[in-house]
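Each chain, written out:
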Amino acid sequence: MHRFQMIAYFFKPVEVLNRETRSLCGPHHTFSTEACMYQDKGSLKLFKFSIAQKSIILRACELNLKLDNKNELDLMSLLTILEYPDSRLRTVARNVDRVTTSVSNFVEDLLETMYAAPGIGLAATQVNVHKRIIVIDVSAEHNEPLVFINPTIEVLGGMQTSEEGCLSVPGFFEQVERSEKISVKAWDKTGTRFELEAEGLLAVCIQHECDHLEGKLFVDYLSGLKRNRIRHRIQKRRRT
């Protein structure tokens, strides 16, 4: 079954899932939202979901899904990611005064949006919420989310160059030089202060996302010629 069809299916109640899954895959297939499995001729088998789909499904089970009156699942709220050269990406984010229920809910939506994109990091600025909040998950299975509220970075040493991309600059990847080892202080999703030392990919991702909070993108590290080329290609793609 096509991966995008499966995403669409998961937003429907189980009876609709079963009916439409049987229609595509045959009369012996059924889908269970609780087990995240389908039944094929009496045997249970896991679907080969993409990373983003696994994340959505695991999160859905965590939330103990309930059907609403519209026969849809109140699963999550996917946010719209702004794309370069949108001027709103240049807005400098403000500190979060305290972690309220509203902030916690937004963090969950930000994580779901990151996983669904799919990506390994996302800043509030990228979804037009100008608060100092970033979420990251660089784990292999995409199941170790990190939340940084009001992050501040201290450089500990070294430099590294790696290829970076961005959900706000889709389809483009360039080499960027950043600090190799950093220390970051922030609040977690409960408002508890913590400090973390990071290096390698995690250090790169934290610096990349914190740049967004300052209204900066990875393309700003590139030459003006490369930056303009990327801008023109994105604008051309939107017109087609």
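Residues numbered from 1 in each chain as written. Predicted model: local features only at pLDDT ≥ 70, side-chain atom pairs only at ≥ 80, totals over all residues. Heavy atoms only, no water.

Looking at the overall build of the chain
Right, so step 1: Broken down by element type, the chain carries six helices and eight strands.
Right, so step 2: Along its sequence from the N terminus, the chain presents helices and strands in the succession α-α-β-β-β-α-α-β-β-β-β-β-α-α.
Right, so step 3: Sequence-distant contacts, at least 24 apart, represent 60% of the contacts inside the chain between residues at least 6 apart.
Right, so step 4: Here the chain has roughly 13100 Å² of accessible surface; of this, 49% comes from carbon and sulfur atoms. (Helix = DSSP H or I, 4+ residues; strand = E, 2+ residues; numbered from the N terminus. Contact = heavy atoms within 4.5 Å. Areas by Shrake-Rupley, 256 points an atom, 1.4 Å probe, with all protein chains shown as cover.)

Some points on the nonpolar core
Right, so step 1: Counting residues in hydrophobic clusters, the biggest one holds 16 residues, and the most contacted among them are Val107, Leu110, Leu111, Ile133, Val135 and Ile149.
Right, so step 2: At the level of elements, α4 (101–116), β5 (133–136) and β6 (146–166) are the ones that each hand at least two residues to this core.
Right, so step 3: Here this core takes seven residues from α4, the largest share from any one element.
Right, so step 4: With residues near it in sequence (within four places) discarded, leucine 110 still touches Leu79, Leu122, Ala123, Ala124, Val127, Ile133 and Val135. (Core = buried A, V, L, I, M, F, W, Y, C linked by side-chain atoms within 4.5 Å. Buried < 20%, exposed > 50% of the residue type's maximum accessible area, 1.4 Å probe, protein only.)

As for the pairing of strand β7 (residues 169–187)
Every other side chain in a regular strand lies on the same face of the sheet, so the side chains alternate between the two faces.
Right, so step 1: Where β6 meets β7, 13 bridges bridge the pair, whose relative direction is antiparallel. Counterpart to glutamate 164 in the pairing with β7 is glutamate 174.
Right, so step 2: Connecting β6 to the antiparallel partner β7 that follows it, the hairpin turn spans two residues.
Right, so step 3: Across seven bridges, β7 lies against strand β8 (residues 193–199) in antiparallel orientation. Across the sheet, lysine 185 pairs through a bridge with glutamate 195, a residue of β8.
Right, so step 4: Between β7 and β8, which pair antiparallel one after the other, the connecting turn spans five residues, and glycine 191 there sits at a positive phi close to 90°. (Pairing = 2+ DSSP bridges.)

Description of helix α5 (residues 200–213)
Right, so step 1: Taking 1.5 Å of rise per residue, the 14 residues of α5 would be expected to cover 20 Å, and the 21 Å separating its terminal C-alpha atoms lies within 8% of that figure.
Right, so step 2: Turning to α5, its buried residues number three or more, namely Leu202, Ala203, Val204, Cys205, Ile206, Gln207, His208, Glu209, Cys210, Asp211, His212 and Leu213.
Right, so step 3: Following α5 by one or two positions, glycine 215 has its phi on the positive side, about 80°. (Expected span 1.5 Å × (residues − 1).)

With respect to the confidence of the model for the chain
Right, so step 1: In this model, the chain carries an average pLDDT of 78, and 68% of its residues clear a pLDDT of 70 or more.
Right, so step 2: Counting interchain partners and residues more than four positions distant, the pLDDT-below-50 stretch residues 20–26 has 14 contacts.
Right, so step 3: This model gives residues 28–75 a pLDDT under 50, and the stretch forms 88 contacts once residues within four places in sequence are excluded. (pLDDT = per-residue confidence, 0-100.)

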